[in-house]
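Structural overview
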Amino acid sequence: MSDSPNRFKHQSLQDADAIGGYLSALRDGFETGDLVFSTNGDRMALKPQGLVNLELEAKRKGEDVKLSLKFRWSEEASLEKSRNHPLFIKTQNNG
């Protein structure tokens, strides 16, 4: 549950299919410019537009693995200069 109308947070255990569904919904939301998050009575709507800063971090510590994705953008349309390095994501099965 959130403690502010400007913050939304959710944590739960999910299987790989559910995670894939959330990632698909995020993709669709970025494509349409409309993301809506809701849980347990909390709701937050976001309107991604323009250039979006992507930060991806993967860590392994023993058997524990952490993957973090962060997206940042300004709600005011602007064309900020950012570090544009290509990111490649692949599975072990596709080479």
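Every chain begins its residue count from 1, and numbering advances along the sequence as written. Residues qualify for local features only when their pLDDT is at least 70, as the model is predicted, and side-chain atom pairs are given and counted only at 80 or more; totals for whole chains, interfaces and linings, by contrast, use all residues. Calculated side-chain values reflect all of the structure's heavy atoms, with hydrogen atoms and water omitted.

**Quick look at the overall build of the protein**
The helix and strand tally for the protein stands at one helix and four strands. Working definition: helices are DSSP H or I runs of at least four residues, strands are E runs of at least two. Numbering for both runs from the N terminus. N-terminal to C-terminal, the α/β element order of the protein is α-β-β-β-β. As displayed, the protein has an accessible area near 8,900 Å², and 50% of this comes from carbon and sulfur atoms. Every accessible area reported is derived by Shrake-Rupley at a probe size of 1.4 Å, with residue values counting cover from the shown protein chains alone.

**Here we look at the pairing of strand β1 (residues 35-39)**
For β1 and strand β2 (residues 42-46), the ladder comprises five bridges, and the chain directions are antiparallel. By the bridge assignment for β2, Ser38 is matched with Arg43. Strands are labelled as partners when DSSP assigns at least two bridges between them. With antiparallel pairing between neighbouring strands as the criterion, β1 and β2 make up a hairpin whose turn holds two residues, including Asn40 at a positive phi of roughly 45°.

**Some remarks on unusual backbone geometry**
Residue Asn40 is not a glycine yet carries a positive backbone phi of 45°. With respect to the secondary-structure elements, Asn40 resides in the loop between β1 and β2.

**What about the confidence of the model for the protein?**
What pLDDT reports is the predictor's confidence in each residue, on a scale of 0 through 100. For the protein, mean pLDDT is 87; residues scoring 70 or higher make up 86% of the total. Across the protein, element-level confidence peaks in strand β3 (residues 53-61) with a mean pLDDT of 97 and bottoms out in β2 with 93.

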